[in-house]
Amino acid sequence: MAKSKSTLFFCQVCGYESVKWMGQCPGCKEWNTFVEEPVIKTNHGKTKALSNNEPSILEDIEINHTYKCLSGIEEFDRVMGEGVVPGSLVLIGGDPGIGKSTLLLQVCRKFSGHNDKVLYISGEESLQQIKMRADRLGEFSDTFFLMCETNLTVIEETIRKYKPKFVVIDSIQTMYHESVNSSPGSVSQVRETTGILMQIAKGLQISVFIVGHVTKEGVVAGPRVLEHMVDTVLYFEGERHASYRILRSVKNRFGSTHEIGVFQMEENGLTEVKNPSAYMLKGKPKDAAGSIVVCSMEGTRPILIEIQALVCRSFFQIPRRQATGTDYNRVNLLMAVLEKRVGIHLSDCDAYVNIVGGLKVNEPAIDLGITMAVVSSYKNRSMEDTLIVFGEIGLSGEIRPVNMAKQRVLEAKKLGFKTCVVPDACMEGLTDMKGMKIIGVKTVAEAIAII
Ligand code: TYD
Ligand code: MG
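Calculation notes
- Residues numbered from 1 in each chain as written.
- Chains lettered and ligands numbered in written order.
- Predicted model: local features only at pLDDT ≥ 70, side-chain atom pairs only at ≥ 80, totals over all residues.
- Heavy atoms only, no water.
- Helix = DSSP H or I, 4+ residues; strand = E, 2+ residues; numbered from the N terminus.
- Buried < 20%, exposed > 50% of the residue type's maximum accessible area, 1.4 Å probe, protein only.
- Polar contact = N/O pair within 3.5 Å; in protein donor to acceptor, adjacent residues only side chain to side chain.
- Contact = heavy atoms within 4.5 Å.
- Expected span 1.5 Å × (residues − 1).
- Pairing = 2+ DSSP bridges.
- Axes fitted to C-alpha atoms, helices over the stretch in contact; angles between N-to-C directions.
- Salt bridge = Lys/Arg side-chain N within 4 Å of Asp/Glu carboxyl O.
- 1 Å grid on protein atoms, 1.4 Å probe; cavity = no way out; pocket = protein on both sides within 12 Å on 5 of 7 lines; lining within 4 Å.
- Points joined across faces, edges and corners; volume = space filled by probe spheres on them.
- Nonpolar A, V, L, I, M, F, W, Y, C, P; charged D, E, K, R; others polar.
- Phe/Tyr/Trp six-rings, centres within 6.5 Å; stacked < 30°, edge-to-face > 60°.
- Right-handed = clockwise from strand over helix to strand, strands pointing away.
- Near = heavy atom within 4 Å.
- Areas by Shrake-Rupley, 256 points an atom, 1.4 Å probe, with all protein chains shown as cover.
- Parallel < 35°, antiparallel > 145°, perpendicular 65-115°, else oblique.
- Left-handed = near helix turned anticlockwise from the far one by under 90°.

Asker: Could you give me a rundown of the side chain of Arg248, with the residues and numbers involved?
Answerer: Within the secondary structure layout, Arg248 lies in strand β10 (residues 244-252). For Arg248, a relative accessible area of 17% corresponds to the buried category. At a separation of 2.9 Å, a polar atom in the side chain of Arg248 contacts the side chain of Glu237. With residues near it in sequence (within four places) discarded, Arg248 still touches Val79, Val233, Leu234, Tyr235, Glu237, Glu259, Ile260, Glu298 and Lys360.

This is the structure we're talking about:
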């Protein structure tokens, strides 16, 4: 077999290959991202031609409409796009210890409970460790198989022999293939092993879940190529000291990418949070200046979130501004709008804005909430407890309409809110909302007058 030996330099961000080190990557233009890795490649393991692969005409292709597999964990299924597609490759990223293995083990438990063969391959924990964790999660059926292995050749053989319907690889950074001479977790290893898993998934119509660790910058370690190769990329996030966890899809070839699933980590694994709004508003202070509730759409689901702002006199030459859970620049822009269009002088004030609960929200519909929270704190005047607001703010201080206004108001109503401040342009779709006082506003100044 032909062998070519060399060391190559790889960009850690985009996977660009080069024979020499470079300061800036020509592929993604990032600086200082090249690492040297020894590469010995044999020709095997490269794309094998599938036998009998002929082009088809569309009419001959049959679609099986019940082809998506539901796990029964609603929050997970929704994020996946109403179930798992056979033959799909799914990447789950997240900080260490956030609960990726636990989540996948629970998903496996559900699938194997439906009598589907499931194979869980771990390169991180021993069989005993996984068993101990599994015991906390409940009983597993006999169609669930566990294996500790990091050699992909062995894994491939096992998969071909057992023919499971679902496979979990925990984690991609521990796997290696003999054809690549660099250590597990390196760019070339990650790329090669993912490529092989892709062939297995597509060739045998097996759904493969890959766990990927996240770097300090918050992206899955290894080249971004990994994200391009897989069908679905999910991130599992949450704050370490809080018990809730959020599953978010950032790429999905089979569904929407805006859906989130909310979970709570408990003694016996993850439980679903069916009503995230109530969960997010837990512990909201009464009659506090600078606190307001907004409604943000996460995918198809409205979620109520508390926004808090603290504005105080600055003792620095350049006032301090801080935004947690939302875009810092957006907060600065909204404060500039307040200064220019409403005449509230914030240039000598420090301002801190926080999305309570640790959720990250970048929807423009929360603009009005941020602005009103800032003004409320600045004037030290609290707002009604049963008030909720939403609306996008334009640079001239106008309130622009947002989508799905009705769903937002209905969600607020469900949780007992009585007054709703909305963009005037959304008023048309909001007739017959009994028991809810709806105020349409055209400009920021109008909205501020309500405080
Ligand atoms: P784990 O799934 O191992 O995280 P990851 O695979 O992302 O590294 O999660 C481990 C954490 O979850 C650990 O801190 C213990 C906690 N945990 C619970 O609180 N309850 C449980 O039932 C389980 C299984 C784990
Ligand atoms: Mg793990």
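Next comes the rest of the write-up.
Asker: Residues and numbers for helix α5 (residues 187-204), please.
Answerer: Given 3.6 residues per helical turn, the α-helix brings residues three or four places apart onto the same face. Helix length check: α5, at 18 residues, gives a terminal C-alpha distance of 26 Å against a target of 26 Å (1.5 Å per residue), a fit within 8%. Among the residues of α5, those classed as buried are Val187, Ser188, Gln189, Val190, Glu192, Thr193, Thr194, Ile196, Leu197, Met198, Ile200 and Ala201. Downstream of α5 by a residue or two, Gln205 has a phi angle that is positive, lying close to 55 degrees.

Asker: Provide a residue-level description of the sheet that holds strand β15 (residues 321-324), including the pertinent values.
Answerer: Read across the open sheet, the seven strands follow the order β15-β16-β14-β13-β17-β20-β21; overall the sheet is mixed. Two strands lie at the open edges of the sheet, namely β15 and β21 (437-441), each paired on one side alone. Across the sheet, the axes of successive neighbouring strands diverge by a mean angle of 25 degrees, strand direction being ignored. Across four bridges, the pairing between β15 and strand β16 (residues 349-355) is parallel. Directly across from Gln322, in β16, lies its bridge partner Tyr352. Together, β13 (291-298), β14 (301-313), β16, β17 (387-389), β20 (419-423) and β21 form the strand contacts of helix α9 (residues 367-379), whose direction differs from that of β14 by roughly 35 degrees.

Asker: Account for the pattern of salt bridges, naming residues and giving values.
Answerer: By the definition in use, this model includes 17 salt bridges. A salt bridge links Asp116 to Lys165, with the nearest nitrogen and oxygen atoms 3.6 Å apart. Of the two residues, Asp116 sits in the loop between α2 (100-113) and β5 (118-122) while Lys165 sits in the loop between α4 (152-162) and β7 (166-170), which places them 49 residues apart along the sequence. What makes Asp116 buried here is its relative accessible area of 16%. Note on Lys165: relative accessible area 32%, which makes it partly exposed. In this structure, the salt-bridge partner of Asp231 is Arg253, at a minimum N-O distance of 2.7 Å. Pair noted here: Asp231 is in the loop between α6 (225-229) and β9 (232-237) and Arg253 is in the loop between β10 and β11 (260-266), with a separation of 22 residues, a long-range link. The network of salt bridges with shared partners includes Glu75, Arg78 and Arg301.

Asker: Tell me about the pairing of β11, and name the residues and values.
Answerer: Two faces belong to every sheet, and in a regular strand the side chains alternate between them. In terms of residue burial, β11 counts as a mostly covered element, since five of its seven residues are buried. Bridging between β11 and strand β12 (residues 269-272) involves four bridges; their strand directions are antiparallel. If you follow Met265 over to β12, its bridge partner there is Leu270.

Asker: Could you give an account of the layout of surface pockets, naming the residues involved and the relevant values?
Answerer: A volume near 560 Å³ is recorded for the largest pocket. Lining of the largest pocket is provided by 26 residues; of these, Tyr235, Glu237, Ile246, Arg248 and Lys360 occupy positions nearest its centre. Of all the elements in the fold, those that place two or more residues in the lining of the largest pocket are β9, β10 and β13. The element that contributes the greatest number of residues to the lining of the largest pocket is β10, accounting for five residues. Residue classes in the lining of the largest pocket are distributed as nine nonpolar, ten polar and seven charged.

Asker: Residues and numbers for the packing of aromatic side chains, please.
Answerer: Within a pair of aromatic rings, the relevant descriptors are the distance that separates the centres and the angle that separates the planes. Tallied over the full model, the rule gives eight aromatic pairs. Taking 6.4 Å as the distance between ring centres and 85 degrees as the angle between the ring planes, the aromatic pair formed by Tyr16 and Phe34 counts as edge-to-face. One end of the pair, Tyr16, is in the loop between β1 (3-11) and β2 (17-18); the other, Phe34, is in strand β3 (residues 34-42), and 18 residues separate them in sequence. Residue class for Tyr16 comes out partly exposed when judged on its relative accessible area of 33%. When the centroid spacing of 6.4 Å and the interplanar angle of 55 degrees are considered together, the rings of Tyr120 and Phe144 count as tilted.

Asker: Tell me what's going on with the pairing of β16, and back it up with residues and numbers.
Answerer: With five of its seven residues buried, β16 lies for the most part within the structure. Of the strand pairs in this sheet, β14 and β16 are connected by seven bridges, and their pairing is antiparallel. Following the sheet pairing, Arg313 is matched in β16 by Cys349. After leaving β15, the chain enters helix α8 (residues 328-342) and then returns to the sheet as β16, a path that is left-handed.

Asker: With reference to specific residues and values, describe the site of ligand 1.
Answerer: Surrounding ligand 1, one finds 15 residues, the nearest of these being Gly97, Ser101, Thr102, Glu266 and Gly269. Measuring from an oxygen atom of ligand 1, one finds a backbone N or O atom of Lys100 at 2.8 Å. Glu266 places a polar main-chain atom, nitrogen or oxygen, 2.7 Å from a nitrogen atom of ligand 1. With the chains in place, 75% of the 560 Å² that ligand 1 exposes on its own is no longer accessible. Sorting the residues of the shell around ligand 1 by element identifies α2, α3 (127-137) and β11 as the ones contributing at least two each.

Asker: Provide a residue-level description of the packing of α4 against α5, including the pertinent values.
Answerer: Contact pair α4 / α5: the axes reach a minimum separation of 11 Å and the direction vectors enclose 10 degrees. As judged from the angle between their axes, α4 and α5 are roughly parallel. Residues Leu152, Glu156, Ile159 and Arg160 of α4 form the contact with α5, whose own contacting residues are Thr193, Ile196, Leu197, Ile200 and Leu204. Residues of the contact of α4 with α5, tallied by class, amount to six nonpolar, one polar and two charged.

Asker: Residues and numbers for empty space enclosed by the protein, please.
Answerer: Within the structure shown, the criterion is met by one cavity of 30 Å³ or more. In terms of lining residues, the largest cavity is bounded by Lys284, Asp287, Ala288, Ser291, Ile292, Val293, Met383, Glu384, Asp385 and Leu387. Split by residue class, the lining of the largest cavity holds five nonpolar, one polar and four charged.

Asker: I'd like to hear about the packing of α2 against α3, residue by residue, with values.
Answerer: For the pair α2 and α3, interaxial distance at closest approach is 10 Å and the crossing angle is 65 degrees. The two elements α2 and α3 meet at a crossing, and its hand is right-handed. Contacts between α2 and α3 involve Ser101, Thr102, Leu105, Gln106 and Arg109 from the first element and Ile130, Arg133, Ala134 and Leu137 from the second. Of the residues that constitute the contact of α2 with α3, the class distribution is four nonpolar, three polar and two charged.

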